[in-house]
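Close look at the chain arrangement
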Amino acid sequence: MTFFKLEHAKAFYYADFVAYILMIVLVSGLLIGCAPRGEWRHIVLSVAGGLAVWPLIEYALHRYVLHRLEPFRGWHMEHHNRPRAFICTPTIFSAGLIFTLVFLPALASWNLWVGTGLTLGVTIGYLTFSWAHHAVHYWRADRAWLRNRKRLHTIHHCSGSACNYGVTTSFWDDVFGTRSGCESRAENVGKT
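Residues numbered from 1 in each chain as written. Predicted model: local features only at pLDDT ≥ 70, side-chain atom pairs only at ≥ 80, totals over all residues. Heavy atoms only, no water.

Re the pattern of salt bridges
Evaluation of the coordinates by the stated rule reveals three salt bridges. The partner of Glu 78 in a salt bridge is Arg 82, with the nearest N and O atoms 2.6 Å apart. Glu 78 gets classed as partly exposed once you look at its relative accessible area, which sits at 33%. The class of Arg 82 is partly exposed, set by a relative accessible area of 33%. A salt bridge links Asp 142 to Arg 140, with the nearest nitrogen and oxygen atoms 2.8 Å apart. With a relative accessible area of 68%, Arg 140 lands in the exposed category. (Salt bridge = Lys/Arg side-chain N within 4 Å of Asp/Glu carboxyl O. Buried < 20%, exposed > 50% of the residue type's maximum accessible area, 1.4 Å probe, protein only.)

In structure tokens, the structure reads:
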């Protein structure tokens, strides 16, 4: 018995995008409408901080949680085995993680406005990742950026390729030496 279902009907899969767009619009509206003017600079900086830290979160989750930690590894391998299936993290789970691991610590460390801004930035980053990941699997690559992301992600999906964990950017793959083209796949076989 599984804790939750990862493969969804097409409508439920796309509902995740809608849910995150609505969350971002709602939280942005609340910040714009309710935050004291004296906090706006802090809010903008915290949103920017959330956006800036997202690629590292994406990389770390993909490399260390989805490729090493059970049961997440097993669930993620199902996506590797069937990359065009409508497999995704349930919205309630991903939103719950963002709330618990980003908002609550930020609220405890700073204040409501900074915590909300940081969470908004991370949430925008997560939605961007979701779109990019969807695009590399389903869209035609008419632009150089998407062609490159598709190529690197295809290499990542190759059996035994312990590389290219970043979906939206290769920055952290470059920093940690895990960016790879076809030429170095063989030396990564068996590594995760």
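Concerning unusual backbone geometry
For the peptide bond that leads from Glu 70 to Pro 71, omega is 5°, which places it in the cis range. Here Asn 164, not a glycine, exhibits a phi torsion of approximately 55°, which is positive. Along the polypeptide, Asn 164 turns up in the loop between helix H6 (144–157) and helix H7 (171–176). (Helix = DSSP H or I, 4+ residues; strand = E, 2+ residues; numbered from the N terminus.)

What about the packing of helix H4 (residues 91–109) against helix H5 (residues 112–138)?
Put simply, H4 and H5 touch, their axes get as near as 8 Å, and they point 145° apart. Handedness of the H4/H5 crossing: right-handed. For the pair H4 and H5, the contacting residues are Ser 94, Ile 98, Val 102, Phe 103, Ala 106 and Leu 107 in the first and Leu 112, Gly 115, Thr 116, Leu 118, Thr 119, Val 122, Thr 123 and Tyr 126 in the second. In the contact of H4 with H5, the residues fall into nine nonpolar, five polar and no charged. (Axes fitted to C-alpha atoms, helices over the stretch in contact; angles between N-to-C directions. Left-handed = near helix turned anticlockwise from the far one by under 90°. Contact = heavy atoms within 4.5 Å. Nonpolar A, V, L, I, M, F, W, Y, C, P; charged D, E, K, R; others polar.)

A few points about the layout of surface pockets
Where empty space is left can be seen by rolling a probe of water-molecule size over the atoms. There is about 950 Å³ of room inside the largest pocket. Leu 61, Leu 66, Thr 89, Tyr 126 and Phe 129 are, among the 38 residues lining the largest pocket, the residues nearest its centre. The set of elements that each furnish at least two residues to the lining of the largest pocket consists of helix H1 (10–34), helix H2 (40–65), helix H3 (72–81), H4 and H5. Here the element with the most residues in the lining of the largest pocket is H5; it accounts for eight residues. Across the lining of the largest pocket, the residue classes tally to 26 nonpolar, ten polar and two charged. By volume, the second largest pocket is sized at about 180 Å³. Contributions of two or more residues to the lining of the second largest pocket are made by H1, H4 and H5. For the lining of the second largest pocket, a count of residues per class yields nine nonpolar, three polar and no charged. (1 Å grid on protein atoms, 1.4 Å probe; cavity = no way out; pocket = protein on both sides within 12 Å on 5 of 7 lines; lining within 4 Å. Points joined across faces, edges and corners; volume = space filled by probe spheres on them.)

Re H3
Every buried residue belonging to H3 is among His 76, His 79 and His 80, and all of these are buried. Taken down its axis, H3 places every buried residue within 100° of arc, on the same side. Looking at the buried residues of H3, the elements they touch are H2, H5 and H6. (Arc of directions from axis to C-beta.)

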